[in-house]
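Single-letter residue listing:
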Amino acid sequence: MFSRLPGKTQQLLLDSAILERVSPGVCDALLGAGFDSAAILDDLTQADLFIIPLGEAGSWFRYHHLFRDFLLTRLQQETPEQLPGLHRAASLWLEQHRYLREAARHIFLTGDWSAAAEFVERHSFTLILHSDIATVYEWCAAFPGDVLLAHPGLCLLSCWGLVFSYRHENRPLVQTRLRQADAAIAA
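Everything numeric here is computed off the predicted structure, so don't read it as measured data.

**Student:** What's the story with helix α6 (residues 100-109) in this structure? I'm lost.
**Tutor:** An α-helical turn contains 3.6 residues, so a residue and the one three or four places further along point in the same direction. Residues Leu100, Ala103, Ala104, His106, Ile107 and Phe108 constitute the buried set of α6. Backbone geometry just after α6 places Gly111 at a positive phi near 80°.

**Student:** Would you take a moment to explain empty space enclosed by the protein for this structure?
**Tutor:** Empty pockets left among the atoms are what a rolling probe the size of a water molecule brings to light. Across all of its chains, the model carries one cavity of 30 Å³ or more by this definition. When its volume is computed, the largest cavity comes out at roughly 40 Å³. Looking at which element gives the most residues to the lining of the largest cavity, the answer is α6, with three residues. For the lining of the largest cavity, the residue count by class is two nonpolar, one polar and four charged.

**Student:** For this particular structure, what's the right way to read the pattern of salt bridges?
**Tutor:** Side-chain pairs of opposite charge can arise where the charged atoms are in close proximity. Enumeration over the complete set of coordinates arrives at six salt bridges. Here Glu78 makes a salt bridge to Arg74, at a shortest N to O gap of 2.7 Å. Of this pair, Glu78 and Arg74 are both found in helix α4 (residues 65-78), four residues apart, which corresponds to roughly one turn of the helix. In this structure, Arg101 and Asp132 form a salt bridge, with 2.0 Å as the shortest nitrogen-oxygen distance. In this pair, Arg101 sits in helix α6 while Asp132 sits in the loop between α7 (113-129) and α8 (133-141), placing the two residues 31 residues apart along the sequence. Here Asp132 falls in the buried class, since its relative accessible area comes to 14%.

**Student:** Would you mind going over the packing of aromatic side chains with me for this structure?
**Tutor:** Two descriptors summarise a pair of aromatic rings, namely the distance from one centre to the other and the angle between the planes of the rings. Counted by the stated rule, this structure contains 12 aromatic pairs. Taken together, the ring pairs connect Phe2, Phe50, Tyr63, Phe67 and Phe70 into an aromatic cluster. The ring of Tyr99 is capped by Arg21, whose NZ or CZ atom sits 4.9 Å from the centre of that ring.

**Student:** Explain a negative patch on the surface here, please?
**Tutor:** Residues Asp28, Asp36, Asp42 and Asp43 make up a contiguous surface patch of negative charge. Structurally, the position occupied by Asp36 is in the loop between α2 (24-31) and α3 (37-46). Since its relative accessible area comes to 47%, Asp36 is described here as partly exposed.

**Student:** Explain the environment of Leu54 here, please?
**Tutor:** Tracing the sequence through the fold places Leu54 in strand β1 (residues 51-54). For the pair formed by Leu54 and Arg21, sequence separation is 33 residues and the distance between their alpha carbons is 8.5 Å. Ignoring anything within four residues of it in the chain, the contact list for Leu54 reads Arg21, Trp60, Phe61 and Arg62.

Thresholds applied
- Residues numbered from 1 in each chain as written.
- Predicted model: local features only at pLDDT ≥ 70, side-chain atom pairs only at ≥ 80, totals over all residues.
- Heavy atoms only, no water.
- Buried < 20%, exposed > 50% of the residue type's maximum accessible area, 1.4 Å probe, protein only.
- Helix = DSSP H or I, 4+ residues; strand = E, 2+ residues; numbered from the N terminus.
- 1 Å grid on protein atoms, 1.4 Å probe; cavity = no way out; pocket = protein on both sides within 12 Å on 5 of 7 lines; lining within 4 Å.
- Points joined across faces, edges and corners; volume = space filled by probe spheres on them.
- Nonpolar A, V, L, I, M, F, W, Y, C, P; charged D, E, K, R; others polar.
- Salt bridge = Lys/Arg side-chain N within 4 Å of Asp/Glu carboxyl O.
- Phe/Tyr/Trp six-rings, centres within 6.5 Å; stacked < 30°, edge-to-face > 60°.
- Lys NZ or Arg CZ within 6 Å of the ring centre and 35° of its normal.
- Patch = residues over 30% accessible without salt bridge, like charges linked within 9 Å, V, L, I, M, F, W, Y side chains within 5 Å.
- Areas by Shrake-Rupley, 256 points an atom, 1.4 Å probe, with all protein chains shown as cover.
- Lys, Arg positive; Asp, Glu negative; His and termini not counted.
- Charge placed at Lys NZ, Arg CZ, Asp CG, Glu CD.
- Contact = heavy atoms within 4.5 Å.

Have a look at this one:
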């Protein structure tokens with residue numbers, strides 16, 4: 001069935017399979033000029049081809065989970081070198097539209113720790129102001145130790161998450177992160 005679809009439709013499906021949910025806007029960001037993602041998604045919905053509208057507005061969709069698994073497997077087998085660029089484009093669009101958790105997921109999947117560190121440092125205080133310290137801590141915990149050492153801001157943000165979890169057993173790790181931040185600043 002997939003092989004019978006037009007080439008642009010196949011490309012949209014494959015490239016957007018990295019997303020847990022899709023919209024014409026984010027698909028256009030992934031695919032670039034020359035694609036009418038809204039029309040393709042509408043055609044897929046009308047044909048009832050493994051795409052499920054989310055909400056009544058019809059601006060967001062998701063693929064049936066088995067179909068998405070098929071698409072991801074095919075994308076990873078055929079063009080794995082495309083994945084970092086697709087994740088980067090998705091992250092940028094999602095960040096610009098304030099879907100920060102989804103944007104973070106994709107920036108981490110690029111494997112570009114420097115870009116991920118900049119993203120976390122840029123958006124963490126927004127989450128802290130909205131009392132979402134757990135997400136900030138989760139993001140910081142995803143970094144390898146050497147990346148934390150190179151980014152004192154990440155060490156401090158990690159401390160925020162540890163301190164506000166109100167667990168006495170976190171004290172040694174908080175002290176370690178503060179020493180790491182001091183060392184990184186000194187370097």
